[in-house]
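# Coordinate analysis (summary)
Okay, here's what each chain looks like letter by letter:
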Amino acid sequence: MPDPSRVLPVYLIAFAVQFLHFAEEFSTEFYTRWPVEVFNAAPFELTTFVQINMVSYAAFALGAVAIYRGIKGPMLIVWFFTLMGVIGNGVLHPVYPILATGEFGYFPGLYTSVIYLILGPVLFRRLWEVRSDSGSAVNHDVETNSKTGSSQ
């Protein structure tokens, strides 16, 4: 498990940016343009788009609790948000206008996604870090127990 004091502040900043990102996508009608222009599919209904985002954000909030409490299972949510929500948005939003029109330009969500180009690698690195204090304490306990057991 990563160190909550190193991960949680960056995670919460990324989560806050996600709300701004949603606001930009919502106000610029990402839900109609993205499926149609990028995937040649039917547009999302507005209610479906909002529901998907709100359910996701509830899960991402629980991910913050998992970081804080050191609960391993819900860390899958944290990694999903980091890889898809943060890094994915940062990388893909600048590509969407090229896929949609063949040219670089504005596509809904682009402005706020650029922030993720900085936050994504920072969050990923902090999640990937292993707490050296917990690892050394475990190794110390193993060494102590094996020495005690061998002397008896």
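Because the structure is a prediction, the values reported are computed rather than measured. Numbering of residues begins from 1 in every chain and follows the order in which that chain's sequence is written. Confidence filtering applies because this is a predicted model: local features only for residues at pLDDT of at least 70, side-chain atom pairs given and counted only at 80 or more, and all residues used for totals across whole chains, interfaces and linings. Hydrogens and waters are ignored; side-chain quantities use all the structure's heavy atoms.

### Examining the overall build of the chain
Check the secondary structure of the chain and you find 8 helices and 0 strands. For the chain, the N- to C-terminal ordering of α and β elements is α-α-α-α-α-α-α-α. By residue count, 34% of the 152 residues in the chain fall in the buried class. The long-range fraction of contacts in the chain, counting pairs at least 24 apart against all pairs at least 6 apart in sequence, stands at 72%. For the chain, the accessible surface area stands at approximately 9000 Å², while carbon and sulfur atoms represent 67% of it. In this text, helices come from DSSP runs of H or I with a minimum length of four residues, and strands from runs of E with a minimum of two, each type numbered from the N-terminal end. The classification of residues rests on relative accessible area computed with a 1.4 Å probe and restricted to protein chains. Under 20% of the type maximum is buried, over 50% is exposed, and intermediate values are partly exposed. Residues count as neighbours in contact if any of their non-hydrogen atoms are within 4.5 Å of one another. Accessible areas in this description were obtained via Shrake-Rupley with a 1.4 Å probe; residue shielding takes into account the shown protein chains only.

### Looking at the environment of Glu 37
Counting through the fold element by element, Glu 37 comes out in helix 2 (residues 30–39). Each C-alpha atom, one on Glu 37 and one on Leu 99, is 7.7 Å from the other, the two residues being 62 residues apart in sequence. The residues contacting Glu 37, other than those within four sequence positions of it, are Leu 99, Ala 100 and Phe 107.

### A closer look at the nonpolar core
Ranked by internal contacts, the top residues of the largest apolar core, which has 28 residues, are Tyr 11, Phe 81 and Leu 123. Within the residue set of this core, elements represented by two or more residues are helix 1 (4–27), helix 2, helix 3 (46–69), helix 4 (75–92) and helix 7 (116–128). With 8 residues, the top contributor of residues to this core is helix 1. If we skip the residues at most four places from it in the chain, Leu 123 touches Val 7, Val 10, Tyr 11, Ala 14, Thr 82 and Val 86. Within this scheme, the nonpolar core is defined by two criteria: the residues are buried Ala, Val, Leu, Ile, Met, Phe, Trp, Tyr or Cys, and they are joined through side-chain atoms within 4.5 Å.

### A short note on the pattern of salt bridges
A pairing counts as a salt bridge when a side-chain nitrogen of Lys or Arg comes within 4 Å of a carboxyl oxygen of Asp or Glu. One pass over the structure, following the stated rule, counts 2 salt bridges. The partner of Arg 6 in a salt bridge is Glu 129, and the shortest N-O contact between them spans 2.9 Å. Within this pair, whereas Arg 6 is found in helix 1, its partner Glu 129 is found in the loop between helix 7 and helix 8 (132–151), the two being separated by 123 residues in sequence. For Arg 6, a relative accessible area of 33% translates into the label partly exposed. The class for Glu 129 is partly exposed, based on a relative accessible area of 27%. In this structure, Glu 37 engages Arg 33 in a salt bridge whose closest nitrogen and oxygen atoms are separated by 2.7 Å. Of the two residues, Glu 37 and Arg 33 are both situated in helix 2; the distance of 4 residues between them amounts to about one turn of the helix.

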